[in-house]
Amino acid sequence: MLSLIFFVAAIACITVLPVMFAARIMGAERTGFGASAIAVILQFVLAAAFQVAMPESPIVLVIALLVGSAIYAYVLDTSVIKGFFISIISTVIALVAALLFGASFALHLASAT
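Calculation notes
Residues numbered from 1 in each chain as written. Predicted model: local features only at pLDDT ≥ 70, side-chain atom pairs only at ≥ 80, totals over all residues. Heavy atoms only, no water. Helix = DSSP H or I, 4+ residues; strand = E, 2+ residues; numbered from the N terminus. Buried < 20%, exposed > 50% of the residue type's maximum accessible area, 1.4 Å probe, protein only. Contact = heavy atoms within 4.5 Å. Phe/Tyr/Trp six-rings, centres within 6.5 Å; stacked < 30°, edge-to-face > 60°. Expected span 1.5 Å × (residues − 1). pLDDT = per-residue confidence, 0-100.

Brief notes about the side chain of serine 90
- By the secondary structure assignment, serine 90 is in helix 5 (residues 80-112).
- Residue classification places serine 90 among the buried residues on the basis of a relative accessible area of 4%.
- If sequence neighbours within four positions are ignored, serine 90 has contacts with Pro18, Val19, Ala22 and Tyr72.

A look at the packing of aromatic side chains
- Scanning the model with the defined rule gives one aromatic pair in all.
- On the numbers, 5.6 Å between centres and 70 degrees between planes, the contact of phenylalanine 84 with phenylalanine 85 is edge-to-face.
- Among the residues examined, phenylalanine 85 registers a relative accessible area of 40% and is labelled partly exposed.

Describing helix 3 (residues 33-53)
- Spanning 21 residues, helix 3 covers 30 Å between terminal C-alpha atoms, matching the ideal 30 Å at 1.5 Å per step.
- For helix 3, the set of buried residues is Ala35, Ser36, Ala37, Ala39 and Val40.
- Against the buried residues of helix 3 lie helix 1 (2-15), helix 2 (17-26) and helix 4 (59-75).

Side note on the confidence of the model for the protein
- The pLDDT averaged across the protein works out to 85; a share of 99% of its residues lies at or above 70.
- For the protein, helix 5 is the element with the lowest average pLDDT, namely 82, and helix 2 is the one with the highest, namely 90.

Overview of the environment of alanine 28
- Along the polypeptide, alanine 28 turns up in the loop between helix 2 and helix 3.
- Placed 58 residues apart in sequence, alanine 28 and isoleucine 86 show a C-alpha to C-alpha distance of 9.1 Å.

Rendered as structure tokens:
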């Protein structure tokens, strides 16, 4: 049970905290955990809906990025351009965090055997 709690907390940190940090960097009005979590959930749902509607289409990535920027702009109360940069910055931060988390998890598994 503790592993499940740790896993959920790690996923929340990897997905929501980068949006919070990027929103603060870009000067958004709402930079709290709740607003950032709602923005991430809405962006994920919309990206999944586009992926289902148009599978294996490269235009899906562009549409998801533009709509994701609009979602960040609306939920975090900033401009669409700043929402675009929030999307880019948070993606970079999330990728770095995921790599570090994955590497530390791999080291933990390697040392346990």
